[in-house]
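# Structural features, examined
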Amino acid sequence: MTNLVLQLRKLSGIEVVASRAHRRVMVVVAFALLTALSAYVAVPIPGTQVPVTLQTLVVVLSGALLGPGLGAAAQATYLTAGMLGAPVFSGGAAGLGWLFGPTGGYLLAFPAAAAVVGVLAGRGGTGGVLAAARLGVALLAGVFLIFAGGAAQLAILTGDAAAAIRLGVVPFLVGEAAKLLAALAIAARLRNRTLELV
């Protein structure tokens, strides 16, 4: 029976890359690239230096779909590429200095957010109301952590915590709610399959 299952997996394309270590490297690089590409989907918001991007969606999905270790590794890889000069930050920006600017707090929170999502979501199934609620809470916690990091750095840069929340959190709430719903739908559909591969 085990041989039959292995053959069916290979035929269905689930295990295209046989080596688990190679699959792990591939998904880390793939999510680092997805995070970079999602930074290019940047919509400026009047009155703030922080644009709306699809990055939070990709970050929380990396934790939900890859687990805490690989999700955090994907985001750390993304940040390392940006620090080393690859144009992966919003608007094609790059360099270590970018992490000390208005968007740096959000960026620096990416690995921790992916790890928290992975830990809170666990490795259990996605079927049922409780599993969906657990996944939803995990995704929300990841987004909260990203915005807490962003607001903290904005508060340091501006010297005004209230302004940091007003400019760095409030304008994004509606968009984040939509991205959270999308992340929940995507993760609920793909999570069991991705976690078993990595």
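Everything in this summary refers to the structure shown in the same document. (Residues numbered from 1 in each chain as written. Predicted model: local features only at pLDDT ≥ 70, side-chain atom pairs only at ≥ 80, totals over all residues. Heavy atoms only, no water.)

Between its first and last C-alpha atoms helix α3 (residues 55-66) spans 16 Å; for twelve residues at 1.5 Å apiece the expected length is 16 Å, and the two agree. In terms of burial, α3 is largely enclosed, as twelve of its twelve residues are buried. Those residues of α3 not exposed but buried are Q55, T56, L57, V58, V59, V60, L61, S62, G63, A64, L65 and L66. Taken together, the buried residues of α3 touch α2 (20-39), α4 (68-83), α5 (104-121), α6 (129-158) and α8 (173-197). A positive backbone phi angle near 90° is found at G67, which sits one or two residues after α3. (Helix = DSSP H or I, 4+ residues; strand = E, 2+ residues; numbered from the N terminus. Expected span 1.5 Å × (residues − 1). Buried < 20%, exposed > 50% of the residue type's maximum accessible area, 1.4 Å probe, protein only. Contact = heavy atoms within 4.5 Å.)

All right, on to the side chain of E176 then. Mapping E176 onto the fold places it in helix α8. A polar atom in the side chain of E176 sits 2.8 Å from the side chain of T56. Only 2.6 Å separates the side chain of E176 from the side chain of K179, close enough to count as a polar contact. Beyond its immediate sequence surroundings of up to four residues, E176 is in contact with T56, V143 and F147. (Polar contact = N/O pair within 3.5 Å; in protein donor to acceptor, adjacent residues only side chain to side chain.)

Below, the discussion takes up the nonpolar core. Judged by nonpolar contacts, the single largest core of 46 residues is most densely connected at F31, L61, Y78, F89, L107 and L139. Contact partners of F31, with chain neighbours within four places excluded, come to V58, L61, S62, L65, L66, A74 and Q75. (Core = buried A, V, L, I, M, F, W, Y, C linked by side-chain atoms within 4.5 Å.)

Glancing now at the packing of aromatic side chains. In the structure shown here, the tally under the stated rule is four aromatic pairs. Look at Y78 and F89: their rings are 5.6 Å apart centre to centre, the planes differ by 85°, and that puts the pair in the edge-to-face class. With Y78 in helix α4 and F89 in the loop between α4 and α5, the pair connects residues that are eleven residues apart, well separated along the chain. There is no split in this pair, since Y78 and F89 are both buried. Centroid distance F147 to F172: 5.8 Å. Interplanar angle 45°. Geometry classified as tilted. Placement of F147 in helix α6 and of F172 in the loop between α7 (161-168) and α8 is noted, with a sequence separation of 25 residues between them. By relative accessible area, F172 is classed as buried at 5%. Grouping aromatic residues by their ring pairs yields a cluster made of Y78, F89 and F110. (Phe/Tyr/Trp six-rings, centres within 6.5 Å; stacked < 30°, edge-to-face > 60°.)

With respect to the element layout, F100 can be found in the loop between α4 and α5. Judged by its relative accessible area of 58%, F100 is exposed. With 80 residues separating them along the chain, F100 and L180 place their C-alpha atoms 27 Å apart. With near-sequence residues (within four places) excluded, F100 lies in contact with Q153 and L157.

With that settled, consider the environment of A114. Positionally, A114 belongs in helix α5. It is 27 Å that separates the C-alpha atoms of A114 and T158, two residues lying 44 residues apart in sequence. When neighbours within four sequence positions are excluded, A114 is seen to be in contact with V59, S62, G63, P68, G71, A72 and Q75.

With that settled, the discussion passes to the side chain of T53. As for its placement among the helices and strands, T53 is situated in the loop between α2 and α3. Judged by its relative accessible area of 11%, T53 falls in the buried class. A polar atom in the side chain of T53 sits 3.1 Å from the backbone nitrogen of Q55. The residues touching T53, leaving out its near neighbours within four places in the chain, are S38, A39, V41, A42, S90 and K179.

A few words now on α5. A rise of 1.5 Å per residue sets the reference length of α5, with its 18 residues, at 26 Å; its end C-alpha atoms lie 26 Å apart and thus fit the reference within 8%. Within α5, burial applies to G104, G105, Y106, L107, A109, F110, P111, A113, A114, V117, G118 and A121. Elements that come into contact with the buried residues of α5 comprise α2, α3, α4, α6, α7 and α8.

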